[in-house]
Amino acid sequence: MLPRLPFRRRIYLVKHGFQMRFAAYPLVFLAGFLGASGVFLYRYLHERLRLQAYFSHSRLDNPWDLVAPAVGQVVVWGGTAFLVALAGWGWVRFRRLHRDLEAVSDWLADRTRLGDVADPPALDETEVRILAERLSEATRTFAAWEREAGEKAARAVSAAEAHGPASAEATAALDALRAAVGRVRVDEGLR
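For clarity, every value in this text was computed on a predicted model and none was experimentally measured.

Caption draft 1: A look at the overall build of the chain. Helix and strand counts for the chain come out as four helices and zero strands. Order of helices (α) and strands (β) in the chain, N terminus to C terminus: α-α-α-α. With 191 residues in all, the chain has 17% of them scored as buried. A separation threshold of at least 6 residues defines the contact pool for the chain, and within that pool the share at least 24 residues apart is 54%. Total accessible area computed for the chain in this model is approximately 14,700 Å², and 63% of it derives from carbon and sulfur atoms.

Put into structure tokens, the structure is as follows:
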């Protein structure tokens with residue numbers, strides 16, 4: 001049994017922790033924005049409104065009775081506007097990503113159906129463009145290997161037919177074919 005080779009993978013589209021960061025960043029930003037707004041409003045208005053309570057003509061017992069509804073409206077409308085903008089950004093971002101992935105999928109389907117090696121389509125997303133370029137490079141490398149293995153197989157067959165299956169020429173051609181085929185390993189046991 002051959003020793004298992006370590007499987008090195010590169011993740012182009014989904015980076016480790018991407019989903020957590022994508023979900024947490026907007027929430028942390030919103031909480032930070034609202035917290036900073038609240039601290040700013042409290043520090044700015046607290047002293048000014050507290051002085052109003054000492055005026056004899058002021059009937060204001062608690063300054064926050066006047067400020068709290070305004071702050072609540074700022075928080076509600078600001079938070080709603082932030083979430084609408086975030087949803088619009090997310091929709092545009094993932095729509096563009098979906099469009100690029102569909103283009104790569106169609107390009108790969110054409111390559112499989114037509115059997116040629118063409119350049120990938122023009123893509124907007126950097127990660128998808130890198131993925132498509134690497135797939136194109138892998139397709140070209142595999143096509144070259146397939147041609148080489150086919151040529152060596154044809155040589156092995158012709159050497160066996162011309163000199164006999166046990167001849168030195170047939171054995172050498174078969175060894176060359178084994179070497180070419182042995183260069184490619186498929187490890188489907190991803191853990």
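From this point, the narrative continues.
Caption draft 2: A look at the pattern of salt bridges. One pass over the full model with this rule turns up eight salt bridges. Lys152 is paired through a salt bridge with Glu148; the nearest N and O atoms lie 4.0 Å apart. With Lys152 and Glu148 both in helix 3 (residues 126–163), this residue pair falls four residues apart, about one helical turn. The class for Lys152 is buried, based on a relative accessible area of 18%. Between Arg183 and Glu148 there is a salt bridge; the shortest N-O distance is 2.9 Å. Placement of the pair is Arg183 in the segment after helix 4 (168–182) and Glu148 in helix 3, with a sequence separation of 35 residues. Given a relative accessible area of 52%, Arg183 falls into the exposed group. Where salt bridges share partners, they join Arg99, Asp100 and Asp124 into one cluster.

Caption draft 3: Spotlight on the confidence of the model for the chain. Chain-level pLDDT for the chain is 76 on average; 77% of the residues reach the 70-or-more range. Mean pLDDT values over the elements of the chain span from 71, in helix 1 (residues 18–54), up to 87, in helix 4.

Caption draft 4: The packing of helix 2 (residues 64–114) against helix 3, seen in detail. Running from N to C, helix 2 and helix 3 point in directions that differ by 10°, and their axes come no closer than 10 Å. Looking at the two axes, helix 2 sits roughly parallel to helix 3. Contacts from Leu97, Asp100, Leu101, Val104, Trp107 and Leu108 of helix 2 reach helix 3 at Val128, Ala132, Leu135 and Ser136. Here the contact of helix 2 with helix 3 is built from residues that sort into eight nonpolar, one polar and one charged.

Caption draft 5: Structural view of the environment of Gly78. Relative to the assigned elements, Gly78 resides in helix 2. Take Gly78: its relative accessible area is 27%, and that puts it in the partly exposed class. Distance from Gly78 to Phe33, taken between C-alpha atoms, is 9.5 Å for residues 45 residues apart in sequence.

Caption draft 6: Just the environment of Gly79, in detail. Among the secondary structure elements, Gly79 is positioned in helix 2. C-alpha of Gly79 to C-alpha of Ala31: the two residues are 48 residues apart in sequence and 9.4 Å apart in space. The contact partners of Gly79, leaving out residues within four places of it in the chain, are Leu30 and Val74.

Caption draft 7: Representation of helix 2. Relative to the 75 Å expected for 51 residues at 1.5 Å per residue, helix 2 spans 72 Å between its end C-alpha atoms, a close match to the ideal helical length. Every buried residue belonging to helix 2 is among Val67, Val71, Gly79, Phe82, Gly90, Asp100, Val104, Trp107 and Arg111, and all of these are buried.

Caption draft 8: Spatial organisation of helix 4. In this model, helix 4 (15 residues) spans 21 Å end to end at C-alpha, consistent with the 21 Å of a helix rising 1.5 Å per residue. Along helix 4, the residues that are buried comprise Ala170, Ala173, Leu177 and Ala180. All buried residues of helix 4 lie within an arc of 85° about the axis, which places them on one face of the element. In helix 4, the exposed positions angled more than 90 degrees off the buried face are occupied by Ala168 and Arg178. In this structure, the buried side of helix 4 is in contact with helix 3.

Parameters and conventions
Residues numbered from 1 in each chain as written. Predicted model: local features only at pLDDT ≥ 70, side-chain atom pairs only at ≥ 80, totals over all residues. Heavy atoms only, no water. Helix = DSSP H or I, 4+ residues; strand = E, 2+ residues; numbered from the N terminus. Buried < 20%, exposed > 50% of the residue type's maximum accessible area, 1.4 Å probe, protein only. Contact = heavy atoms within 4.5 Å. Areas by Shrake-Rupley, 256 points an atom, 1.4 Å probe, with all protein chains shown as cover. Salt bridge = Lys/Arg side-chain N within 4 Å of Asp/Glu carboxyl O. pLDDT = per-residue confidence, 0-100. Axes fitted to C-alpha atoms, helices over the stretch in contact; angles between N-to-C directions. Parallel < 35°, antiparallel > 145°, perpendicular 65-115°, else oblique. Nonpolar A, V, L, I, M, F, W, Y, C, P; charged D, E, K, R; others polar. Expected span 1.5 Å × (residues − 1). Arc of directions from axis to C-beta.

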